[in-house]
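# Chains, contacts and geometry: an overview
Take a look at the letters that make up each chain.
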Amino acid sequence: MKCRVCGKEANIRLSAYNTALCADDFLTFFERRVTRAVQKYHLIDQTDSTLVAVSGGKDSLSLWYILNRAGYLSDGIYIDLGIDEYSRVSFEKARLMADRLGRRIYRFSLPALFQKGIGDLSKVMRRAPCSLCGVLKRYLMNKACIDAGYTVLATGHNLDDEASALFGNLLYWKEAYLYKKSISLEGRGDYLAKKIKPFFLCSEREAAAYAILSRIDYVYEECPYSVGAKTLLYKELLNKIEVTSPATKIRFVKGYLERVKEQEARPDPERCARCGYPSYTETCNVCRLVERFGTGEAIRIECFEPAQATATPDISAKADAVV
Ligand code: AMP
Ligand code: FES
Ligand code: ZN
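Residues numbered from 1 in each chain as written. Chains lettered and ligands numbered in written order. Predicted model: local features only at pLDDT ≥ 70, side-chain atom pairs only at ≥ 80, totals over all residues. Heavy atoms only, no water.

## Comments concerning the packing of helix H5 (residues 118-125) against helix H6 (residues 129-147)
- Where H5 meets H6, the axes come as close as 9 Å, and the angle between the chain directions of the two elements is 110 degrees. Considering the angle they form, H5 stands roughly perpendicular to H6. On the side of H5, the interface is formed by Ile118, Leu121, Ser122 and Met125, while H6 contributes Pro129, Leu132, Cys133 and Leu136.
- Of the residues that constitute the contact of H5 with H6, the class distribution is seven nonpolar, one polar and no charged. (Axes fitted to C-alpha atoms, helices over the stretch in contact; angles between N-to-C directions. Helix = DSSP H or I, 4+ residues; strand = E, 2+ residues; numbered from the N terminus. Parallel < 35°, antiparallel > 145°, perpendicular 65-115°, else oblique. Contact = heavy atoms within 4.5 Å. Nonpolar A, V, L, I, M, F, W, Y, C, P; charged D, E, K, R; others polar.)

This is the structure we're talking about:
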C-alpha cells in the first residue's frame, strides 16, 4: 500500500476516499479538510474570537490544536463534571494542550457549585447522567463563551457523532431535534453563542490518527456513564455498514447538510427570567437546579493562564494556499 501523494509506504488507508497516505501527508490532508470546512461553511470570520469546548478527548484536543495552527487563535473551556479520576485526568490533558498552545483555559467545576458530581446529582434528580450532563454542558459552555467575550463556541463533534445522532433521530422520528444539528448554528444577540463543529465531516478514526501522529496526549477512556449508550450501538452499526460500503457515513451526513433547513428561519429562543440565557420554560433547568442543590455560590468560571508562550507551528499560510 503506497501513499497516494508521495509514493512512500502508506500508514493509513482511507477507504471512504479510496486512498492511502503516509503519516506526513495524512496530517496535511486532515488539517486541510478542517480548514476547508471552516472556510466553506463560514464557521469562523476574521472578526470572531473562538472558544473551544475541550473535554480532554482526541477530538476536542485535536480541534483546538488545528485551529491554533491554522491561525484561528482560540482559548479553551473545560467542564469538570466531578467524575473522580476521569475528570481529574481529563483536565490534566486539557491543561497540557493549553500550555503547548500557549493559550488560556477556563474551567467550570460542577462539584464547586453543587458539592456533587454528575453521578450524585443525577441520582437525586432521578435522571440519566448523560441527559442531565448534556443540559448542564450546553448551558455552561454557552455562558462561558458569552461571559468571557468570545463570539464563537467550537466543539469536537465528529462525523461518527453526527451520523449516529442523525440515525437515532430518524429511527425514532424525533423531528424536533432533526434539524438542530447542523455544522453551524447561528447565535442570537447577547444570550446565545454561535456554535460550530469543524470536525463534522471528519471521522472518529481520522481524528484519533491525527491525535496520535501529532503526539497529542488525550484521555482514551470513554466517560464511565456512556457505557451502554444507544449512540455507541448506532456508531457500531454504522461502522459495520461502512466496512462493506465505504463512504456511507459521509454521504449520509453530507446529504443531511444539503437538506438542513435554514437556521435563520428558527424563532428566537425564549430567555430564562432569572439568568437571561435560552430556556423553553420561564426559569431554565440550570437555575432550578442551582436553586435546589446549589451551595449559594454564584456560577464561577476559573481562568488558567498558560505556563509558557506559544510554540505552535503556524500552518495558516498553507491553509490559505489550498482554498
Ligand atoms: P461528547 O458529547 O462527549 O461526545 O462531546 C462532544 C464535544 O463536546 C467534545 O468534542 C467537546 O468539544 C465537548 N465536550 C464534551 N465534554 C466536555 C467537557 N467536560 N468540557 C468541555 N467540553 C466538553
Ligand atoms: Fe456527560 Fe458522561 S455523563 S460526559
Ligand atoms: Zn436560568
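## With respect to the coordination of the zinc ion (ligand 3)
- Protein ligation of the zinc ion (ligand 3) involves Cys272 (SG), Cys275 (SG), Cys284 (SG) and Cys287 (SG), the donor distances falling in the range 2.2 to 2.4 Å.
- Every donor counted, the four donor atoms about the zinc ion (ligand 3) form angles of 103 to 115 degrees at the centre, which fits tetrahedral coordination.
- Coordination of the zinc ion (ligand 3) draws on donor residues from a single chain, spaced C-x2-C-x8-C-x2-C in sequence.
- Exposure remark for cysteine 272: the relative accessible area of 4% places this residue in the buried category. (Donors = N, O, S within 2.8 Å, 3.2 Å for Na, K, Ca; no water. Tetrahedral: all angles 85-135°; square planar, octahedral: opposite > 155°, others 65-115°. Buried < 20%, exposed > 50% of the residue type's maximum accessible area, 1.4 Å probe, protein only.)

## Here's the deal with the site of ligand 1
- Residues in close proximity to ligand 1 include Ala53, Val54, Ser55, Ser60, Ile77, Tyr78, Ile79, Lys137, Met141, Thr155, Gly156 and His157, which together make up its full environment.
- The contact in question runs from a nitrogen atom of ligand 1 to an N or O atom on the backbone of isoleucine 79, over 2.9 Å.
- Considered on its own, ligand 1 offers 480 Å² of accessible surface; in the complex 76% of this is hidden by protein.
- For the shell around ligand 1, the element with the most residues is strand E4 (residues 74-80), which contributes three residues. (Near = heavy atom within 4 Å. Polar contact = N/O pair within 3.5 Å; in protein donor to acceptor, adjacent residues only side chain to side chain. Areas by Shrake-Rupley, 256 points an atom, 1.4 Å probe, with all protein chains shown as cover.)

Taken by themselves, the reported measurements are silent on function.
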